[in-house]
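Structure at a glance
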Amino acid sequence: MNAHAPLDQVAPSLDDFARLAREAFDALPEPFRRAAGEVVFRIDDFADETTLSDLGIEDAFELTGLYHGVDIGQRDGLGPAAEPSRVFLYRRPILDEWCERGDVTLSDLIAHVLIHEIGHHFGLSDDDIDAIEANAD
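Residues numbered from 1 in each chain as written. Predicted model: local features only at pLDDT ≥ 70, side-chain atom pairs only at ≥ 80, totals over all residues. Heavy atoms only, no water.

**Concerning the overall build of the protein chain**
Scanning the protein chain from N- to C-terminus turns up 7 helices and 3 strands. N-terminal to C-terminal, the α/β element order of the protein chain is α-α-β-α-β-α-β-α-α-α. Here the protein chain holds 137 residues, and 34% of them are scored as buried. In the protein chain, the share of contacts with a sequence separation of at least 24, taken over all contacts with a separation of at least 6, comes to 65%. Element-wise, carbon and sulfur atoms account for 51% of the exposed surface of the protein chain, whose accessible area totals about 8,800 Å². (Helix = DSSP H or I, 4+ residues; strand = E, 2+ residues; numbered from the N terminus. Buried < 20%, exposed > 50% of the residue type's maximum accessible area, 1.4 Å probe, protein only. Contact = heavy atoms within 4.5 Å. Areas by Shrake-Rupley, 256 points an atom, 1.4 Å probe, with all protein chains shown as cover.)

Structure, rendered in structure tokens:
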């Protein structure tokens, strides 16, 4: 045990995560934020059982974020979306990954998950996002 670590530390709350997600979004280049439009951010501890079941995920810690909505590329042909697009960030899995990794700040990890999910909002697949990230390194 680290003798200098405070014993009364508490994990960041849902509100703390919401603030960090908003800061990450606000730090993005303005054209990116404008293109994202009216996407709603939601912070939950975990994905609900229906979502996990629909995705075939048994362990809720495996899902750090999720995009829910009609991506921008498909909207033009379908007209306006019936409901706003939403990006879900799941606090407990993100905290778990952050603790396991130890090589990234919590703010950076939240930003990474947020940007990944906004990529889906733009119509990118996981493979597309992975390729972009690989080229950025």
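**Some remarks on the pairing of strand β3 (residues 86-90)**
Of all 5 residues in β3, 4 are buried, a share of seventy percent or more. Of the pairings in the sheet, the one linking strand β1 (residues 40-44) to β3 comprises 5 bridges and is parallel in character. By the bridge assignment for β3, I43 is matched with L89. (Pairing = 2+ DSSP bridges.)

**Things to note about helix α1 (residues 14-26)**
The terminal C-alpha atoms of α1 lie 18 Å apart, and with 13 residues this matches the ideal 18 Å at 1.5 Å per residue to within 8%. Taken as a whole, α1 has its buried residues at F17, L20, A21, A24 and F25. With its buried residues spanning 135 degrees around the axis, α1 presents them on a single face. Where the residues of α1 are buried, they touch α2 (30-36), β1, β3, α5 (91-101) and α6 (106-121). Regarding α1, its N-cap is S13, as a side-chain oxygen of that residue lies 3.3 Å from the backbone nitrogen of D15 further along. (Expected span 1.5 Å × (residues − 1). Arc of directions from axis to C-beta. Polar contact = N/O pair within 3.5 Å; in protein donor to acceptor, adjacent residues only side chain to side chain.)

**A few points about the packing of α1 against α6**
Contact geometry for α1 and α6: axes closest at 9 Å, N-to-C directions at 65 degrees. For the element pair α1 / α6, the angle class is roughly perpendicular. In this structure, the crossing between α1 and α6 has a hand that is right-handed. Counting all contacts with α1, which are made through F17, L20, A21, A24 and F25, the residues of α6 involved are L106, S107, I110, A111, L114 and I118. Along the lines of polarity and charge, the residues of the contact of α1 with α6 split into 10 nonpolar, 1 polar and no charged. (Axes fitted to C-alpha atoms, helices over the stretch in contact; angles between N-to-C directions. Parallel < 35°, antiparallel > 145°, perpendicular 65-115°, else oblique. Left-handed = near helix turned anticlockwise from the far one by under 90°. Nonpolar A, V, L, I, M, F, W, Y, C, P; charged D, E, K, R; others polar.)

**Quick notes on the side chain of D44**
Topologically, D44 is positioned in strand β1. There is a polar contact of 2.9 Å between the side chain of D44 and the side chain of R42. Residue contacts for D44: discarding those within four places in its chain leaves L14, F88, L89, Y90 and R91.

**Focus on the sheet that holds strand β2 (residues 65-68)**
Strands belonging to one sheet form pairs held by backbone hydrogen bonds; the direction of such a pair is parallel or antiparallel. Pairing in this open sheet of 3 strands is mixed, and the strands run β1-β3-β2 from one edge to the other. Looking at strand neighbours, the two that pair on one side only are β1 and β2, the edges of this open sheet. Direction aside, the axes of adjacent strands within the sheet are offset by 20 degrees on average. As defined by bridge partners, β2 adjoins β3 across 4 bridges and the pair is classed as antiparallel. In the sheet register, L66 faces β3, and the bridge partner there is F88. Relative to β3, α6 is tilted by about 150 degrees, and along the sheet it contacts β1, β2 and β3.

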